[in-house]
Amino acid sequence: MTTAMILAMAAPATEGGQQGGGSPLYMFGMMGVIFAIMYFMIIRPQQKQQRQRREMIEALKGGDRIVTNGGLFATVKDVHEDRIVAVIAEGVKVEIAKNAVGGVVKKKD
């Protein structure tokens, strides 16, 4: 198919072969609808997920069992402003950036 054929099939058929320009208000309305759909399907869920992750990291405390983004399981020993000290084996302590925590496996009750 040529480009002209594709354009001819995509163009709406109107009387007298003229194409309607449409109202600018209609175009802005459609753009608003598209933005609203994108907001509710993409932006809002992502913001919710970021908020949940931030709350999870802020709630870390000693004794919590975590997994890092690299797949390392550890037990939180101490929490600092930007990092945590965790125990990965008996007598082995490591410092991990808070952003590297992938999730909490088991919380201390």
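Heads up: the structure comes first, above all this text.
The structure presented is a predicted model; accordingly, all values stated were derived computationally and were not measured.

Rules and cut-offs
- Residues numbered from 1 in each chain as written.
- Predicted model: local features only at pLDDT ≥ 70, side-chain atom pairs only at ≥ 80, totals over all residues.
- Heavy atoms only, no water.
- Helix = DSSP H or I, 4+ residues; strand = E, 2+ residues; numbered from the N terminus.
- Buried < 20%, exposed > 50% of the residue type's maximum accessible area, 1.4 Å probe, protein only.
- Areas by Shrake-Rupley, 256 points an atom, 1.4 Å probe, with all protein chains shown as cover.
- Pairing = 2+ DSSP bridges.
- Axes fitted to C-alpha atoms, helices over the stretch in contact; angles between N-to-C directions.
- Patch = residues over 30% accessible without salt bridge, like charges linked within 9 Å, V, L, I, M, F, W, Y side chains within 5 Å.
- Salt bridge = Lys/Arg side-chain N within 4 Å of Asp/Glu carboxyl O.
- Lys, Arg positive; Asp, Glu negative; His and termini not counted.
- Charge placed at Lys NZ, Arg CZ, Asp CG, Glu CD.

K.L.:
Could you give an account of the overall build of the chain, naming the residues involved and the relevant values?
P.N.:
Helix and strand counts for the chain stand at two helices and five strands. Counted from the first residue to the last, the chain has its helices and strands arranged as α-α-β-β-β-β-β. When each of the 109 residues of the chain is scored for burial, the buried share is 15%. Split by element, the accessible area of the chain, about 8700 Å² in all, is 59% carbon and sulfur.

K.L.:
Tell me about the sheet that holds strand β1 (residues 65–68), and name the residues and values.
P.N.:
Taken in spatial order, the five strands line up as β4-β3-β2-β1-β5 in an open sheet, and their pairing is antiparallel. Edge positions in the sheet fall to β4 (92–97) and β5 (101–106), since each of these pairs with one other strand and no more. Within this sheet the neighbouring strands show an average axis-to-axis angle of 45°, counted without direction. The pairing of strand β3 (residues 83–89) with β4 spans six bridges and is antiparallel. In the strand pairing of β4, R83 is matched with A97.

K.L.:
Please provide a residue-by-residue account of a positive patch on the surface, values included.
P.N.:
A cluster of basic residues, R44, K48, R51 and R54, forms a positive patch on the protein surface. Mapped onto the fold, R51 is located in helix α2 (residues 24–58). In this structure R51 comes out as partly exposed when scored by relative accessible area, which is 40%.

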